[in-house]
Amino acid sequence: MFIHKISLLIKPLTRSWVTWWKKQSPYRQDRVALLAPMSAVVIFLLTIISSVGYLRYEEMEREQESVQRDLEYANQKMRLHLLEQQEQMMKLASDVSNDKLSVMDFDDQSTDLIKRYPEISAVSWVDEYRRLRSRAASSSFDLLRLGHQAAWLDHPETEDTYLLAKELRQAIFSPPITIKAQDKMGLADTQVQLHIPMTSNNHFKGVVMVEYSIDGLLRFSIPPEITSRHAVALVDGKNTLLAGQSIKPRSGLWEMSPWESNAYEFIVPISTIGNSLQLRAQAYRTSQVLIGSGLFWLVLILSGMTTWMLIGTWRHTRRRLQAQQALTTETNFRRAMENSILTGMRAMDMNGRITYVNAAFSQMTGWSEAELVGSNSPFPYWPDEDREMLNTKLSDQLNGRTTVSGFQIRVKRKNGSIFDARLYVSPLIDAVGQQTGWMTSMTDITEPNKIREQLSASHERFTSVLEALDASVSVSPLGSSELLFANKLYRQWFGNKGHGHLELITQAGSLPLHASQNMDSVDDMVGMPTYNLTQAQTENAEVYVAELHKWLEVRTRYFNWVDGRLAQMVISTDITARRLAQEQSALQAERAQTASRLITMGEMASSVAHELNQPLTAIANYCNGMLTRLQGNQISEEELKIALEKTSRQAQRAGQIIQRIRSFVKRSETNRVNSSIAPIVAEAVELADIELRRRQVKLSLFVSERLDKLHVDPILIEQVLINLLRNAAEAIEFAQRPIDQRHVELQVVPKTIEGQDVVEFSVSDTGPGMKAEVIERVFEAFYTTKNDGMGIGLNLCRTIIESHHGRMTAENTYNGKMIIGCRFSFWLPASKTLIPL
């Protein structure tokens with residue numbers, strides 16, 4: 001029953017394997033057939049390697065257990081041995097402390113202990129003052145080579161151990177101590193000292209110092225059977241070898257070999273002495289080396305040879321199938337290439353009979369391969385009206401009269417539709433170099449012809465637009481007088497020569513390079529990064545052409561011409577009428593500004609007359625007084641001189657007022673210069689103060705200490721300030737404010753607005769303010785809220801400020817929600833030069 005179930009399970013798997021095997025190519029089947037024996041060899045080799053590795057691992061585990069077990073046993077033996085000696089030495093110390101032994105008796109008993117325990121180098125009696133009372137040494141311990149015995153007593157470790165034993169009143173082992181000999185041989189001895197304190201009635205009387213030789217401890221305390229199996233050594237806390245043997249690690253290739261490892265070592269501290277002296281054991285290598293692993297290498301070599309033979313068989317089989325596979329691949333590639341290309345291919349024999357057509361040719365014409373192969377002229381895809389012409393071309397083709405560039409014909413599809421095609425003909429040569437026919441490739445060029453016609457029509461439309469433009473358009477290579485294109489207006493102005501193009505560029509400020517003497521030479525701009533030039537912004541300039549008596553706006557731009565050369569296009573527009581209008585507008589603006597100043601002075605006439613009346617009245621009074629006193633001989637020469645000086649000052653005051661008014665209303669051309677702000681403000685305040693005093697308005701002036709210069713026309717800025725100050729005084733008088741509330745504030749401060757440094761002028765009054773609709777229209781021309789106003793003052797002020805690239809605003813000032821006045825402000829860009837006031 002179980003076998004039946006297994007067979008039912010295997011059958012579908014076997015069928016699936018057979019089906020998959022039949023679908024594979026011979027090349028893949030050959031590779032799969034090689035995979036089975038190769039896998040068997042690899043599995044066998046891995047099994048052998050795993051077995052050898054496992055045995056090696058077991059062996060290393062046993063070695064580690066043996067080392068650890070033997071080392072612990074040796075450590076226990078050494079500990080018991082040291083404890084036995086320590087009891088003997090403590091008994092000796094007790095007898096000395098109880099005065100039971102003399103110095104001679106101490107030497108005798110010490111000598112007996114040294115003979116009984118050969119690892120002891122010396123036994124010393126050191127009193128409470130660290131003076132050596134007695135010392136017994138073994139015969140092998142040469143005091144003359146190691147110097148005076150005081151060298152041991154003066155060693156820092158000996159002193160520290162002595163003090164510790166004195167403090168703790170118990171036996172103390174010292175760390176390993178090494179002292180070099182003082183002779184020329186340079187020998188050294190390493191030992192461990194045991195300090196046993198001597199006390200009597202809790203009084204410290206010195207120590208018995210036992211000196212152990214490190215070599216003696218290792219030689220007489222470790223069982224010989226352990227030293228024969230392992231490399232046993234005594235090391236300090238830093239694993240530095242003090243006595244015994246050490247196995248050096250392997251180097252070179254042995255270090256990298258997987259079957260060889262460094263000797264296993266195990267370290268335990270000697271519990272009686274402490275961590276400063278440790279017992280180390282290293283296992284001797286007992287594993288087989290490279291030469292001894294013969295079975296392993298035999299299996300490895302046999303597996304390699306088997307693998308090499310299998311690979312050789314597989315390569316031989318693969319080379320046998322390569323020819324068949326290459327032929328199949330080449331055939332499939334050529335068939336796929338012929339079926340994928342969009343170019344139709346047709347082959348004819350020497351008599352003009354079709355012997356082959358590809359799929360693209362059949363798709364183009366609509367005729368199948370069976371209908372075309374074997375047919376003679378006239379072919380079914382020839383249009384009826386073109387048969388005579390096509391017969392002539394076929395005859396030329398069969399006679400070898402063909403052109404490399406091909407020729408264009410019309411082709412009729414099976415459904416009767418017509419399309420344009422271009423044919424290229426070349427001879428068909430066989431393997432022995434004989435011509436067996438003609439090969440023709442056919443390309444459908446219907447769409448390219450349509451695109452070419454559309455481009456031609458688009459070019460005509462574009463040319464018509466350029467010809468109809470009211471601007472001159474010309475294109476010339478950079479650095480050449482050759483004219484690549486010129487529209488109708490350019491030809492009317494300058495003809496068909498390039499001198500007009502160069503003249504416009506020169507006057508526009510972009511001088512071209514010198515024209516090349518040889519037009520066929522290499523372009524002078526070869527190698528320049530023209531892609532940067534083509535992205536440059538258009539350059540504008542206004543020039544006057546004397547021969548045309550016209551003002552032209554010239555715009556230039558660089559771009560790449562159709563042949564790749566860097567060219568420059570110049571577009572010139574006639575702006576003569578616009579220039580005349582601008583000049584007329586500027587003249588009218590200048591007249592308006594002058595008229596505004598005259599109107600301002602006219603409105604201020606009564607105030608000016610009142611201002612002039614004071615010095616003139618004073619002059620008249622001084623003159624009449626002097627005449628009267630002269631007639632009565634009542635004035636001295638000194639009094640006359642003082643009166644004349646006062647009269648002169650009043651006359652100068654009147655002259656300054658008249659001169660200031662004259663310079664303000666004098667008509668002159670606009671002259672913008674870098675001007676200091678303080679003189680402008682002072683002149684404006686002097687003129688406006690006449691009107692302010694007449695209306696009993698107080699002026700508060702604040703000008704920042706350090707301000708940038710302004711590039712302005714000073715007279716125009718004075719005109720704006722006077723107009724704003726007069727409007728503020730009129731607003732205060734209209735509001736009928738009390739005398740103590742009649743004041744105007746003028747501030748001039750630096751600011752940063754819209755990312756640029758500016759100077760802000762602000763005029764604030766205490767008038768009634770303005771309604772919202774008035775603020776919106778206050779700068780409109782001919783808009784005014786005064787009964788006798790003309791509505792051009794503020795509009796002209798804003799025009800002046802904007803012509804200086806500034807801005808003017810108006811707003812009400814508030815105290816809470818109540819309007820307490822109005823504030824007019826404007827700012828002008830600074831010229832970046834700080835000046836003190």
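First, a word on scope: everything that follows refers to the structure included in this document. (Residues numbered from 1 in each chain as written. Predicted model: local features only at pLDDT ≥ 70, side-chain atom pairs only at ≥ 80, totals over all residues. Heavy atoms only, no water.)

This brings us to the pairing of strand E14 (residues 418-429). Looking along a regular strand, one sees the side chains alternate between the two faces of the sheet. Bridging between strand E13 (residues 407-412) and E14 involves six bridges; their strand directions are antiparallel. If you follow Lys412 over to E14, its bridge partner there is Ile418. Once E13 ends, the chain turns through five residues before running back antiparallel as E14, passing Gly416 with a positive phi of about 95°. Across nine bridges, the pairing between E14 and strand E15 (residues 435-444) is antiparallel. Residue Ser426 lies in a different strand from E15, and its bridge partner there is Met439. The antiparallel pairing of E14 with E15 creates a hairpin that spans five residues between the two strands, and Gly433 there sits at a positive phi of about 90°. (Pairing = 2+ DSSP bridges. Helix = DSSP H or I, 4+ residues; strand = E, 2+ residues; numbered from the N terminus.)

As a further point, take the pairing of strand E24 (residues 743-753). In this sheet, E24 lies alongside strand E22 (residues 698-703) in parallel orientation, the contact comprising six bridges. Opposite Leu699, over in E24, you have Val744 as the bridge partner. Where E24 meets strand E25 (residues 756-764), nine bridges bridge the pair, whose relative direction is antiparallel. Within E25, the position partnered with Pro750 by the bridge is Val759. From the end of E24 to the start of E25, which pair antiparallel, there are two residues, and Glu754 there has a positive phi angle of about 55°.

The full count for this structure, using the stated rule, is 12 aromatic pairs. On the numbers, 6.4 Å between centres and 90° between planes, the contact of Trp493 with Phe494 is edge-to-face. For the pair Trp493 and Phe494, a shared accessibility class is recorded, and that class is buried. With centroids separated by 4.9 Å and ring planes inclined at 10°, the aromatic side chains of Phe761 and Phe826 adopt a geometry described as stacked. (Phe/Tyr/Trp six-rings, centres within 6.5 Å; stacked < 30°, edge-to-face > 60°. Buried < 20%, exposed > 50% of the residue type's maximum accessible area, 1.4 Å probe, protein only.)

So, on to the nonpolar core. Core analysis: the biggest nonpolar cluster contains 44 residues, and Phe761, Phe824 and Phe826 have the highest contact counts within it. Listed by contribution, the elements that provide at least two residues to this core are helix H21 (677-694), strand E23 (706-712), helix H22 (714-735), E24, E25, helix H24 (793-803), strand E26 (807-815) and strand E27 (818-836). Here this core takes 10 residues from H22, the largest share from any one element. In this structure, Phe761 is in contact with Ile677, Val681, Leu710, Leu721, Gln747, Val748, Phe824, Ser825, Phe826 and Leu828, ignoring residues within four places of it in sequence. Membership of the second largest hydrophobic core comes to 42 residues, among which are Val67, Met78, Leu194 and Leu217. (Core = buried A, V, L, I, M, F, W, Y, C linked by side-chain atoms within 4.5 Å. Contact = heavy atoms within 4.5 Å.)

Our next topic: the sheet that holds strand E11 (residues 344-349). Spatially, E12-E11-E15-E14-E13 is the arrangement adopted by the five strands of the open sheet, whose pairing is antiparallel. With one partner strand each, in any of the chains shown, strand E12 (354-357) and E13 form the two edges of the open sheet. Each strand axis lies, on average, 35° off the axis of its neighbour in the sheet, ignoring direction. As paired elements, E11 and E15 share six bridges and run antiparallel to each other. (Axes fitted to C-alpha atoms, helices over the stretch in contact; angles between N-to-C directions.)

Going through the model one piece at a time under the given rule, you end up with 26 salt bridges. Put simply, Arg410 and Asp386 hold a salt bridge, and the shortest N to O gap is 3.1 Å. Taken together, the residues span a long stretch of sequence, with Arg410 in strand E13 and Asp386 in the loop between helix H12 (369-372) and helix H13 (387-398) at a distance of 24 residues. A relative accessible area of 32% places Arg410 in the partly exposed class. Given a relative accessible area of 14%, Asp386 falls into the buried group. Here Arg798 and Glu802 are joined by a salt bridge, their closest N and O atoms 4.0 Å apart. Highlighted residues: Arg798 and Glu802, both in helix H24, separated by four residues, approximately one helical turn. Judged by its relative accessible area of 29%, Arg798 falls in the partly exposed class. Several salt bridges converge on common partners, so that one network encompasses Arg695, Arg726, Glu730 and Glu733. (Salt bridge = Lys/Arg side-chain N within 4 Å of Asp/Glu carboxyl O.)

A separate point is the side chain of Ser121. Structurally, Ser121 can be placed in strand E1 (residues 120-126). Within polar-contact distance, the side chain of Ser121 engages the backbone nitrogen of Ser213 at 3.4 Å. (Polar contact = N/O pair within 3.5 Å; in protein donor to acceptor, adjacent residues only side chain to side chain.)

Bringing the environment of Asp384 into the picture now. With respect to the helices, strands and loops of the structure, Asp384 is situated in the loop between H12 and H13. The exposed category is assigned to Asp384, whose relative accessible area is 51%. Spatially, the C-alpha atom of Asp384 lies 9.0 Å from that of Lys412, the residues being 28 residues apart in sequence. Here Arg387 takes part through its side chain, which lies 3.3 Å from a polar atom of the side chain of Asp384.

What follows covers a nonpolar patch on the surface. A cluster of nonpolar residues, Leu298, Ile301, Leu302, Met305, Trp308 and Met309, forms a patch on the protein surface that exposes about 680 Å² of accessible area. For Met309, a relative accessible area of 47% translates into the label partly exposed. (Patch = residues over 30% accessible without salt bridge, like charges linked within 9 Å, V, L, I, M, F, W, Y side chains within 5 Å. Areas by Shrake-Rupley, 256 points an atom, 1.4 Å probe, with all protein chains shown as cover.)

Note that the residue after Ser377, namely Pro378, is joined by a cis bond; omega there is 0°. Note on placement: Pro378 falls in the loop between H12 and H13. Unusually for a residue other than glycine, Arg130 sits at a positive phi of about 60°. Using a relative accessible area of 27% as the deciding quantity, one classes Arg130 as partly exposed.

With that settled, the discussion passes to the packing of H22 against H24. Viewed as axis vectors pointing N to C, H22 and H24 meet at an angle of 145°, and their least axial separation amounts to 10 Å. For the element pair H22 and H24, the recorded crossing hand is left-handed. For the pair H22 and H24, contact is made by Leu716, Ile717, Gln719, Val720, Asn723, Leu724 and Asn727 and by Gly793, Leu794, Leu796, Cys797, Ile800 and Ile801, respectively. Here the residues of the contact of H22 with H24 are counted per class, giving nine nonpolar, four polar and no charged. (Left-handed = near helix turned anticlockwise from the far one by under 90°. Nonpolar A, V, L, I, M, F, W, Y, C, P; charged D, E, K, R; others polar.)

Right, let's talk about helix H6 (residues 156-168) for a bit. Its 13 residues give H6 an end-to-end C-alpha distance of 18 Å, which sits within 8% of 18 Å, the value for a rise of 1.5 Å per residue. Phi turns positive one or two residues past the end of H6, at Arg169, with a value near 55°. (Expected span 1.5 Å × (residues − 1).)

Let's shift gears to the side chain of Thr190. Its place among the elements puts Thr190 in strand E5 (residues 188-200). Once you skip the residues sitting within four places of it in the chain, Thr190 turns out to touch Pro176, Ile177, Thr178, Tyr212, Ser213, Ile214 and Leu242.

Moving on to the sheet that holds strand E8 (residues 241-244). The antiparallel open sheet is built from four strands, whose spatial order is E8-E7-E10-E9. Each edge of the open sheet is held by one strand with a lone partner, namely E8 and strand E9 (265-270). Across the sheet, the mean angle from the axis of one strand to that of its neighbour is 25°, orientation sign disregarded. In this structure, strand E7 (residues 230-236) lies alongside strand E10 (residues 274-283), joined through seven bridges in antiparallel fashion. Note on E10: the bridge partner recorded for Asp236 is Leu277. Its contacts with the sheet put helix H7 (residues 214-221) on E7, E8 and E10, and the angle it makes with E8 is roughly 40°.

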